[in-house]
Amino acid sequence: MNTDIIKAVTEIIENIQTNGDSAVLNYLNKFDGVCFKSAKDLKVTDKQIKEAVEKVSPSLKKAIKVSYANVLAFHKKEYSNIKKQWFLTDKIKSVGQIYRAIDSVGIYVPGGRFSYPSSVIMNAVAAKVAGVKRIVMMTPPKKMSNEVLFAAKICGINEIYSIGGPVAIAVLAYGTKTIKPVNMIVGPGNAYVNEAKRLVFGKVGIDSLAGPSEVAIVADAGADKDYVLYDLLAQVEHDTMAKAYLLCNSKEIIDYIKKNFNKEKLNQIKIYNADTDKAIEMVNDIAPEHLELLIKNAKQVVKKIYNSGAIFVGYNTATAVGDYWAGPSHVLPTNSSAKYSGGLSVMTFMKKSSYIELKKVTPLVKKQIADFANAEGLINHKKSVEVRKI
């Protein structure tokens, strides 16, 4: 990590902890050139949202609504398959687990080169379905797009602030006199946002420390050359750090990609001549954020995939289908973290409590607990059970 970024973000977080709203207003003036009269002006008003909604084209409004409906349906199905509590009970004890939603969540929506209404939907809907009571959205004031505010309205988010970058993350974590803190922060951002999330982790929960976006495409001779080409081009247009892998057994396709790919971005992709079995072995080692199976009998290959954030099955399924429209969240593990984690879901916003009830204190229970306590030298642990009546 760049030491200059660490130092800058640390100073911002400490300043906001100490000076609250005044520090936020000063940073907005410094970084965004926006001068709010008071901290109350940080909140986006209903009037601003209404004006923004009116400027969104009918076509885009429909696309956002359909995306919202698809994502909502997916997460409702997910939620219905989660067992909210369970117990294992015998004559002496009852133990189990109880799942509950996190109380409050902050969603960060970046405002860099592009507008990201999809980020709103892909984070907020799962939180809503999980039962999160308070959802707060932060987005930079100079890059606040109409479609982002429309997506927020569709998702039922009514607490939105014009704050961006690490300042937003610090406010969500520690709060100010005007803005209450949250329990968890989700959403993408640049290196400064990522560092802020790293530094506040522990005070609040976070979704992940996301690395550059990545895709692995397994293609055979049956894949359309342009499908492969544009799926790769779509990946590298994220930014200069985005990564792509092509694992293909067709020399014709490989030559076509090398000939037609943007030469300036060719260094962002790695191309391997590999049959399907070898490709799957490599995929499980790479553990990509996105995996496209542009191969015959793709459904049969899925069972061999152990490490991937999302699997896009069949010749028709571009990564963009999942980015915007299909249903599962596009917030996925990067940097090989798919080897031990999965994408954002309803479960991201739920936490479990263990349930432990000793219904009957018996001599054997006392003795077994006393043996552990004696072995660990914790005498009052032993006594805390021994004083209880049989």
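Above this text sits the structure in question.
Residues numbered from 1 in each chain as written. Predicted model: local features only at pLDDT ≥ 70, side-chain atom pairs only at ≥ 80, totals over all residues. Heavy atoms only, no water.

**With respect to the overall build of the protein chain**
Operational definition: Runs of E in the DSSP output that reach at least two residues are strands. Runs of H or I that reach at least four are helices, and both are numbered from the N terminus. Exposure categories follow from relative accessible area, calculated using a 1.4 Å probe and restricted to protein chains: below 20% of the type maximum is buried, above 50% is exposed, and the middle band is partly exposed. Contacts between residues were defined by any pair of non-hydrogen atoms, one from each residue, lying within 4.5 Å. Each accessible area is a Shrake-Rupley result for a 1.4 Å probe, and residues are judged covered by the shown protein chains and nothing else.
Secondary structure summary: the protein chain contains 14 helices and 13 strands in total. Looking at the protein chain as a whole, 46% of its 390 residues are labelled buried. A separation of at least 24 residues holds for 70% of the contacts in the protein chain among residues at least 6 apart in sequence. Approximately 20700 Å² of the protein chain is accessible, and the part contributed by carbon and sulfur atoms is 52%.

**Some thoughts on the packing of aromatic side chains**
Where we set the bar: Between rings of Phe, Tyr and Trp, where Trp is taken as its six-membered ring, a pair exists when centres lie within 6.5 Å; planes separated by under 30 degrees are stacked, by over 60 edge-to-face, and by other angles tilted. Working rule: Lys NZ or Arg CZ, within 6 Å of ring centre, within 35 degrees of ring normal, means a charge sits over the ring.
All chains considered together, the criterion is met by two aromatic pairs. Aromatic side chains Phe87 and Tyr355 sit 5.0 Å apart centroid to centroid with 80° between the ring planes, which places their arrangement in the edge-to-face category. One end of the pair, Phe87, is in strand β1 (residues 85–89); the other, Tyr355, is in strand β13 (residues 350–358), with 268 residues separating them in the sequence. Classification of Tyr355 as partly exposed rests on a relative accessible area of 29%. In this structure, Lys84 is placed above the aromatic ring of Tyr79, and the distance from its NZ or CZ to the ring centre is 4.1 Å.

**A look at a nonpolar patch on the surface**
For clarity, the cut-off: Only residues whose relative accessible area exceeds 30% and that form no salt bridge enter a patch; like-charged residues are grouped when within 9 Å of one another, and nonpolar side chains (Val, Leu, Ile, Met, Phe, Trp, Tyr) when within 5 Å. A carboxyl oxygen of Asp or Glu within 4 Å of a side-chain nitrogen of Lys or Arg is what we treat as a salt bridge.
Nonpolar side chains collect at one region of the surface, where Val66, Tyr324 and Trp325 lie side by side and expose about 330 Å² of accessible area between them. Here Tyr324 lies in helix α12 (residues 319–324).

**Overview of the pattern of salt bridges**
Oppositely charged side chains may form a pair once their charged atoms are brought near each other. Taken as a whole and judged by the stated rule, the model has 11 salt bridges. In this structure, Arg134 and Glu159 form a salt bridge, with 2.9 Å as the shortest nitrogen-oxygen distance. With Arg134 in strand β4 (residues 134–138) and Glu159 in strand β5 (residues 159–161), the pair connects residues that are 25 residues apart, well separated along the chain. Assessed through its relative accessible area of 14%, Arg134 is described here as buried.

**Some details on the environment of Leu332**
Topologically, Leu332 is positioned in the loop between α12 and β13. With 58 residues separating them along the chain, Leu332 and Ile390 place their C-alpha atoms 52 Å apart. Not counting residues up to four positions away in its chain, the partners in contact with Leu332 are Glu289, His290, Gly309, Ala310 and Gly343.

**Digging into the sheet that holds strand β7 (residues 205–206)**
We count it as follows: We call two strands paired when DSSP finds no fewer than two bridges between them.
Strand order in this open sheet of five strands is β5-β4-β3-β6-β7, and the pairing throughout is parallel. Each end of this open sheet is capped by a strand with a single partner; those strands are β5 and β7. Two strands pair when backbone bridges link them, and strand β3 (residues 104–108) and strand β6 (residues 184–186) are joined in this way by three bridges, in the parallel orientation. In the strand pairing of β6, Ile107 is matched with Val186.

**Description of the nonpolar core**
Just so we agree on the cut-off: Think of a nonpolar core as a cluster: buried Ala, Val, Leu, Ile, Met, Phe, Trp, Tyr and Cys residues, connected wherever their side-chain atoms sit within 4.5 Å.
Val105, Ile107, Val120, Met137, Ile157, Ile160 and Phe349 are the most contacted members of the largest nonpolar core, which totals 41 residues. For this core, the elements supplying multiple residues, two or more each, are α2 (46–55), α3 (58–80), β3, α4 (117–130), β4, α5 (146–154) and β6. It is α4 that provides the largest number of residues to this core, a total of nine residues. Setting aside anything within four residues of it in sequence, one finds Val120 in contact with Val109, Val125, Met137, Val148, Ala151, Ala152, Cys155 and Ile157. One finds Val136, Ile169, Ile179 and Val182 within the second-largest nonpolar core, a separate group that totals 33 residues.

**Considerations on the sheet that holds strand β2 (residues 93–101)**
Spelled out, the test is: Lines fitted to C-alpha atoms define the axes, with helix axes restricted to the stretch in contact, and inter-axis angles between N-to-C directions lie between 0 and 180 degrees.
Pairing in this open sheet of three strands is antiparallel, and the strands run β1-β2-β13 from one edge to the other. Strands at the two margins of the open sheet, each flanked by one partner only, are β1 and β13. Pairwise comparison of adjacent strand axes, ignoring direction, gives a mean angle of 15° for this sheet. Examined bridge by bridge, β2 and β13 share nine bridges and lie antiparallel to one another. If you follow Tyr99 over to β13, its bridge partner there is Lys352.

**Describing α2**
We count it as follows: As used here, the arc is the angular range of directions from the helix axis to the C-beta atoms.
If you check which residues of α2 are buried, you get Ile49, Ala52 and Val53. Seen end-on, α2 carries its buried residues on one side only, within an arc spanning 100°. Opposite the packed face of α2, turned more than 90 degrees from it, sit the exposed residues Lys47, Lys50, Glu54 and Lys55. Those residues of α2 that are buried lie in contact with α3, α5 and β5.

**Regarding the side chain of Asn284**
In plain terms, the rule: Distance and chemistry together define a polar contact, namely a pair of N or O atoms within 3.5 Å, with one atom able to donate a hydrogen and the other to accept it when in protein, and with adjacent residues in sequence counting only for side-chain atoms on both sides.
On the secondary structure map, Asn284 appears in helix α10 (residues 276–286). Assessed through its relative accessible area of 15%, Asn284 is described here as buried. Among the polar contacts made by the side chain of Asn284, one reaches the main-chain amide nitrogen of Tyr306 at a distance of 2.8 Å.

**Overview of the environment of Gly202**
Positionally, Gly202 belongs in the loop between α7 (191–200) and β7. Classification of Gly202 by relative accessible area gives exposed; the value is 67%. The sequence separation of Gly202 and Ser67 amounts to 135 residues, and the corresponding C-alpha distance is 33 Å.

**Some remarks on α7**
Along α7, the residues classified as buried are Val193, Asn194, Glu195, Ala196, Lys197 and Val200. If you check the start of α7, you find a side-chain oxygen 3.0 Å away from the backbone N of Tyr192, and it comes from Asn190. Taken from the residues just after α7, Gly202 is the one with a positive phi, measuring 110°.

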